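Reading the structure
Now for the letters of each chain:
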Amino acid sequence: MSDAGKIEGDKLIELFQHLIEARVIISMHLVGTQFERLTCVTGLQQHPENPTLQIDLPNDFKSSVKNDDPLKLKFNFNGPDHLEYIFSTTGGQISGREITIPFPEYVDRIQRRKNFRMETPVGTKMFMKSRQIQAVFSLINISLGGAYGTLTKHNVKNTAGMILSVDDSVQNLGIYVAEDKDWDELIIIIKSAEVRRIDYDKNHKRYKYAFEFMEMAETEKRKLTQSIYQFQRQFLQRR
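Residues numbered from 1 in each chain as written. Predicted model: local features only at pLDDT ≥ 70, side-chain atom pairs only at ≥ 80, totals over all residues. Heavy atoms only, no water.

The next thing to look at is the pattern of salt bridges. Taken as a whole, this structure holds 10 salt bridges when the rule is applied. Between Glu 220 and Lys 223 there is a salt bridge, with its nearest N and O atoms 3.2 Å apart. Here Glu 220 pairs with Lys 223, and both are found in helix 2 (residues 218-238), just 3 residues apart, close to one helical turn. For Glu 220, a relative accessible area of 13% puts it in the buried group. A cluster of three or more residues bridged by salt bridges with shared partners is formed by Asp 167, Glu 194, Arg 196 and Glu 212. (Salt bridge = Lys/Arg side-chain N within 4 Å of Asp/Glu carboxyl O. Helix = DSSP H or I, 4+ residues; strand = E, 2+ residues; numbered from the N terminus. Buried < 20%, exposed > 50% of the residue type's maximum accessible area, 1.4 Å probe, protein only.)

Following this line, the structure appears as structure tokens:
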């Protein structure tokens, strides 16, 4: 490690070997597009002149790539110290079920802890009943710190779905996870949350809301932690 926030040399190889052995979930963003998916590092080739990494290929990655442009990818993940790590690469190619990319010169370690987002199983809902507003969100992803989902139902009149504003505080949220072969039906209660981001899906004409959890009981936090671990195990089994 050459300085406080940068991983290089042998430490960098050790870091990627950890990602492979522990099957750590990483987030991959195709720069210049809206494409961002979860994946994992599957291999490391230490050629002296041209070391490479192998990344598991998300199902819909090929359709998002422009054939004439080199791959520009940005990755982030939680390291073994639970801090956020970020690196970028340019170039590479798709081969079978993997993306082979150049080995990065370094990885930046960000001196803050990050709650890693995990895709939620199909059918996961979040129900809200706050200040006369009742709403249902279809969750897209979740972390220990918050959730992101599409507004699907609400009781607010004379609005197309803009029922909240950024920084609004809401109370009484309930997350519902349907029963699965890997877990029982689950309900997690969030005492309060705040709206951090609002996106508009033009294709489906619906709003998507990002919430930060502000208050929840320790028992509920333990249930949320356990459910995220279960989602991660199921995600890895599908790869």
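Phi is mostly negative for residues that are not glycine, and the peptide bonds are mostly trans. Phi is positive for Asn 172, which is not a glycine, with a value near 60°. Relative to the assigned elements, Asn 172 resides in strand 15 (residues 169-177). One non-glycine residue, Lys 205, lies in positive phi territory at about 55°. By the secondary structure assignment, Lys 205 is in the loop between strand 16 (186-201) and strand 17 (206-215).

What follows is about the sheet that holds strand 9 (residues 98-102). Taken in spatial order, the 4 strands of this open sheet run 4-5-9-8, and their pairing is antiparallel. Where the open sheet ends on each side, the last strands, each with one partner, are strand 4 (41-45) and strand 8 (93-95). With strand direction ignored, the average angle separating the axes of adjacent strands in the sheet is 25°. When strand 4 meets strand 5 (residues 52-56), the two strands line up antiparallel, connected through 4 bridges. Following the sheet pairing, Leu 44 is matched in strand 5 by Leu 53. (Pairing = 2+ DSSP bridges. Axes fitted to C-alpha atoms, helices over the stretch in contact; angles between N-to-C directions.)

With respect to the secondary-structure elements, Thr 39 resides in strand 3 (residues 36-39). Among the polar contacts listed, one links the side chain of Thr 39 to the backbone oxygen of Asp 56, at a separation of 2.6 Å. (Polar contact = N/O pair within 3.5 Å; in protein donor to acceptor, adjacent residues only side chain to side chain.)

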